[in-house]
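# Chain and residue survey
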Amino acid sequence: MIEISGLTKSYGSTTVLDGIDLTVADAQIGAVVGPSGAGKSTLARTINLLERPTSGTIAVNGRDLTALSGSELRAARREIGTVFQSANLLRRLTAAENVALPLRHHGVPDNQVRRRVHELLERVGMLHRANHYPSQLSGGQRQRIGIARGLALKPSVLLSDEATSGLDPDTTLSILTLLRELRDDLGVTILVITHEMDVVRGIADQVARLDHGRIVERGAVADVVRGSDSDLSRALLPLPPAVPAPAGHRTWSLRYDAAAVSPFWVAQVGREVGTDLAVLSALVEETGRASVGRVTIGVAPGVDERRLEQALITHGLVVEQRATLRAVTPRTPGTPGAEAVA
Amino acid sequence: MIALISTPWPDVPSLLGPALGETVRLVAIVMTVVVALGLPLGLLIFNTSPLGLAPHRLLHVSVSWISNLGRSLPFLVLMAAVIPATKVLFGTTVGFQAALLPMAIAGVAFFSRITENAVREVPRELLDVGLAGGSTRWQIVTGIQLKEAVPGLVAGFTINLIAMIEYSAIAGAIGSGGVGYLAVNYGYRRFDQNIMLACIVVLVAIVQALQFSGDRAVRALTR
């Protein structure tokens, strides 16, 4: 497990990281998200000790790495494997040689290096590319090699620094699947630093939002996506663009636990209240350990709002936002969801 | 009148052959010194810079200054300037040994900058890979920095080698021997046009062949 506490990094009078506390338990996947300039890359570089923290501690399995120096620090670095953005493979080494590099630099005997490299390449599904050079590999393949290299020294923590940035969605998905498998098979703790919400939704157990060098929001991904009142939950499950509500209809945004609520709730609630509900936009997603639905409905004029709300609550839905008697203007696809207007 | 004293063509090889051998020997010795000293000097210049693995301002400025010094003087001036040192070192101020010292000084200074440039082209992120993985600085320099810079170093080596052949010809002026000496003494001083022509052909052929091989090597080494 990795425990970061009170981590601060300043350059002169500029504080880039301000008292970061973050813990990822054994075999969990933690994610740190944030906009560019929030301090994500500095956080990544401080966690793998490329930058020395101004203050605070980074402990892996209870051992504070910031207190070490020289050869002790080099040995302790084995505990944190890093997967870099765009893989950072050596261009003049083959895939296998890239994976072997940290092993050789730590004095692992040749026959063991060969065995371990074989094992790692097999694990990331790249055995058939062992003797290829990075320029002969696709971005996703390069990143698989980068992951294999990150795992070479059997670290207890794998730090993924924007490892899927710049990859296409399918490749991102395959890399995330690989990371999750590695966690499940090897029990490695993974800390993902990313600006992509898809990544968080796809693999993280815990999420923290970094903004201006501070962690402003955090929680289990399952809880955050079920919640409705935070920037993080809205960012994690953005509503798709809604069609305009029929004339006179009011728009309501709802959120619910899709595992617990009957999939027939639209018809059921409509029957109970005696009206047809218009579905303007909907999203039902299985994210890690939670199935969450977000829906924008149009409520016909004359419907008793209190009765409708009561019926929705009885069925297990949460009313996030409602607009009173206001026409929703059409908007171009791609703009933020209905909540921006509602 | 001038053409009359030209060496007859059949006699040219007996003059040119040994001269070529001397040039090869001189340049080979100089290039060995150049790589042996210029490479570490270049690595030191880069790695003590703010972008390097062990930034050290004072050391960087000093080494950089020394390297610049060696490249400041036109070769002819440098040759004359180091004559006292040559006298102490080799006990002579003319001939083969006299050319070694100024050529080595100019070459080492030149190659140190070529090395610095080549390793500067290695992306910083690759050094971070080594640092984050717990490699020692020495391992990073040899296993990552130099390894990745090989094509750039080979390209730079080719340029340096050709420059040294050029310098060896200038060193002909102080009687260093070699193709340059032949061209100066026969071609220039005695208006021996055949020798001049032969020297030109040989020098052009050598330079073209070296550049061609260097380019091929760089292409083969680039992945």
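Residues numbered from 1 in each chain as written. Chains lettered and ligands numbered in written order. Predicted model: local features only at pLDDT ≥ 70, side-chain atom pairs only at ≥ 80, totals over all residues. Heavy atoms only, no water.

Turning next to the packing of aromatic side chains. Across all of its chains, the model carries three aromatic pairs over all chains by this definition. Considering the side-chain rings of B:F75 and B:Y167, the 4.3 Å spacing of their centres and the 20° angle between planes classify their relative orientation as stacked. A residue pair is termed long-range when its members are at least 10 positions apart, and B:F75 in helix α3 (residues 75–81) and B:Y167 in helix α7 (residues 137–170) qualify at 92 residues. What makes B:F75 buried here is its relative accessible area of 6%. One residue, A:R322, lies across the ring of A:W252, its end atom 4.8 Å from the ring centre. (Phe/Tyr/Trp six-rings, centres within 6.5 Å; stacked < 30°, edge-to-face > 60°. Helix = DSSP H or I, 4+ residues; strand = E, 2+ residues; numbered from the N terminus. Buried < 20%, exposed > 50% of the residue type's maximum accessible area, 1.4 Å probe, protein only. Lys NZ or Arg CZ within 6 Å of the ring centre and 35° of its normal.)

Applying the stated criterion across every chain yields a total of 24 salt bridges over all chains. As a salt-bridge pair, A:R45 and B:D128 come within 2.8 Å of each other at their nearest N and O atoms. Of this pair, A:R45 sits in helix α1 (residues 40–47) while B:D128 sits in helix α6 (residues 124–132), placing the two residues on different chains. Where B:R124 meets B:D128, a salt bridge forms, and the shortest distance between an N and an O atom there is 3.3 Å. With B:R124 and B:D128 both in helix α6 and four residues apart, this pair spans about one turn of that helix. The class of B:D128 is buried, set by a relative accessible area of 5%. Each of A:K9, A:R45, A:E51, B:R124 and B:D128 takes part in one network of salt bridges that share partners. (Salt bridge = Lys/Arg side-chain N within 4 Å of Asp/Glu carboxyl O.)

Now for the sheet that holds strand β2 (residues 14–24) of chain A. Residues and elements named next belong to chain A. The strand order across the open sheet built from four strands is β2-β1-β4-β5, with neighbouring strands paired in antiparallel fashion. Across the chains shown, the open sheet's two edge strands, defined by having one partner strand only, are β2 and β5 (63–64). Pairing geometry for strand β4 (residues 55–60) and β5, over two bridges, is antiparallel. What sits directly across from A59, in β5, is D64. (Pairing = 2+ DSSP bridges.)

Turning next to the domain arrangement of chain A. All names here are of chain A. Under the domain assignment used here, chain A contains domain 1 (2–233) and domain 2 (237–340). Measuring from the centre of the C-alpha atoms in domain 1 to the corresponding centre in domain 2 gives 38 Å. Across the boundary between the two partners, domain 1 contributes eleven residues, which contact twelve residues of domain 2. Taken over both partners, the interface formed by domain 1 and domain 2 buries close to 960 Å², and the fraction arising from carbon and sulfur atoms is 47%. Taken together, the connections running from domain 1 to domain 2 amount to one salt bridge. Notably, a salt bridge pairs R201 with E285, separated by 2.8 Å at the nearest N-O pair. In terms of residue count, the dominant contributor to the side of domain 1 that touches domain 2 is helix α8 (residues 221–226) (four residues). (Domains from an automatic or database assignment. Contact = heavy atoms within 4.5 Å. Buried area = accessible area lost by both parts, 1.4 Å probe.)

Residues and elements named next belong to chain A. If you look at the biggest cluster of nonpolar residues, it comprises 52 residues, and the most contacted ones within it are V117, L121, I145, I147, L179, V200 and V207. Residue contributions to this core reach at least three from each of two domains, namely domain 1 (2–233) and domain 2 (237–340). Not counting the four nearest positions on each side in its chain, L121 is found in contact with A96, V99, M126, L127, A130 and I145. Judged by nonpolar contacts, the second largest core, of 27 residues, contains L49, L65, L68 and I215. (Core = buried A, V, L, I, M, F, W, Y, C linked by side-chain atoms within 4.5 Å.)

All names here are of chain B. If you check UniProt for "transmembrane region" (unreviewed entry), the listed places come out as residues 26–46, 58–83, 89–111, 153–175 and 195–213 in our numbering. Secondary structure across residues 58–83 divides into 88% helix and 0% strand, with the first and last C-alpha atoms of the span separated by 30 Å. When the span residues 89–111 is considered, its composition is 83% helix and 0% strand, and the gap between its end C-alpha atoms is 23 Å. (UniProt positions renumbered as here; feature names shortened; annotations may be inferred.)

Residues and elements named next belong to chain A. Along helix α11 (residues 305–314), the residues classified as buried are E305, L308, A311 and L312. Down the axis of α11, the sector holding all buried residues measures 130°, keeping them to one side. Turned more than 90 degrees away from the buried face of α11 sit R306 and T314, all of them exposed. If you follow the buried residues of α11, they end up packed against β11 (250–257), α10 (265–273), β13 (290–299) and β14 (317–322). (Arc of directions from axis to C-beta.)

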